Amino acid sequence: MQPNGSTGTTGVGRVLSHLLDQESAVTRPMVATACGLSRPSVFAAVERLVERGVVHEAGQLSGNPGRSATLYEVSPSAGVLAAVDIGGSNLRVAVTDVRGRILEERREPTSAGGGTSIVKQATDMVTTALASVRDRCDRLTIVAVSVPGVVEPGGGTVHYAINIDQFSPFDFREALGATLGVPVVLENNVNLAALGERWRGVA
């Protein structure tokens, strides 16, 4: 834990993590109580997040004794995320807000021809999906990719992806990052299914 009054990255990260979990706007004292941080730490962290455009003011909490408290929430303009699920039969793309709430989904039969063809198809689908949510936010911040193969530790090269016509190792992370211009995280589809089950499933 950061020392009382610290505004280090750990404190900012804890405040942001808490705000991402909220379904409605909250006050800074509420955040301080929930995170176990001092009020000065939380006030400074929220100020930094507001300056970065990640968090914004969402009105006032009134009806309680004393001064009205300002409500804060994650800003819709903070950016959007894209998820790409590469399967042997279908390629699925979803664009979500930073909370993981789906804004747009698309699905097409997976392109034949292996990695290069699939990268082009995925890029086109992500671009089209982003265009459909432009009125809300189209600033893509990161892409997460699920692949049906063995991902090289610490890298983006995928091995043994035979069911998508990729018979030799192929670096999906570098190729997608180059075309989409944002960071790409890559993981095996089974591992991601387990993470998804833990996050939103019944496990």
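Anything mentioned here points back to the structure above.
First, a word on scope: everything that follows refers to the structure included in this document. (Residues numbered from 1 in each chain as written. Predicted model: local features only at pLDDT ≥ 70, side-chain atom pairs only at ≥ 80, totals over all residues. Heavy atoms only, no water.)

**Comments concerning the overall build of the protein chain**
The criterion, for reference: Starting at the N terminus, helices and strands are each numbered in turn, a helix being any DSSP run of H or I of at least four residues and a strand any DSSP run of E of at least two. Each residue gets one of three labels from its accessible area relative to the maximum for its type: buried under 20%, exposed over 50%, partly exposed in between, using a 1.4 Å probe on protein chains only. When checking whether two residues touch, look at their non-hydrogen atoms; a contact exists if any pair is within 4.5 Å. Throughout, the Shrake-Rupley method with a 1.4 Å probe supplies accessible areas, and for residues the shown protein chains are the sole cover considered. The charge count treats Lys and Arg as positive and Asp and Glu as negative. His and the chain ends do not count. A charged residue contributes its charge at one atom only: NZ of Lys, CZ of Arg, CG of Asp or CD of Glu.
Summing up its helical and strand segments, the protein chain has six helices and eleven strands in all. Seen through its C-alpha atoms, the protein chain measures out along the principal axes to roughly 65 × 35 × 35 Å. A burial count over the protein chain gives 39% of its 203 residues as buried. Once local pairs closer than 6 in sequence are excluded, the contacts in the protein chain between residues at least 24 apart make up 52%. Accessible surface, the protein chain: about 11,100 Å² in total, of which carbon and sulfur atoms supply 52%. Each charge class in the protein chain was averaged separately, 18 positive and 20 negative side chains, and the resulting centres sit 7 Å apart.

**What to know about the environment of Tyr-72**
One can find Tyr-72 in strand β3 (residues 69-74). Assessed through its relative accessible area of 8%, Tyr-72 is described here as buried. Separated by 67 residues in the primary sequence, Tyr-72 and Arg-139 have C-alpha atoms spaced 21 Å apart. Not counting residues within four places of it along the chain, the set of residues in contact with Tyr-72 comprises Leu-19, Ala-25, Val-26, Arg-28, Val-46, Val-50, Val-55, His-56, Glu-57 and Ala-58.

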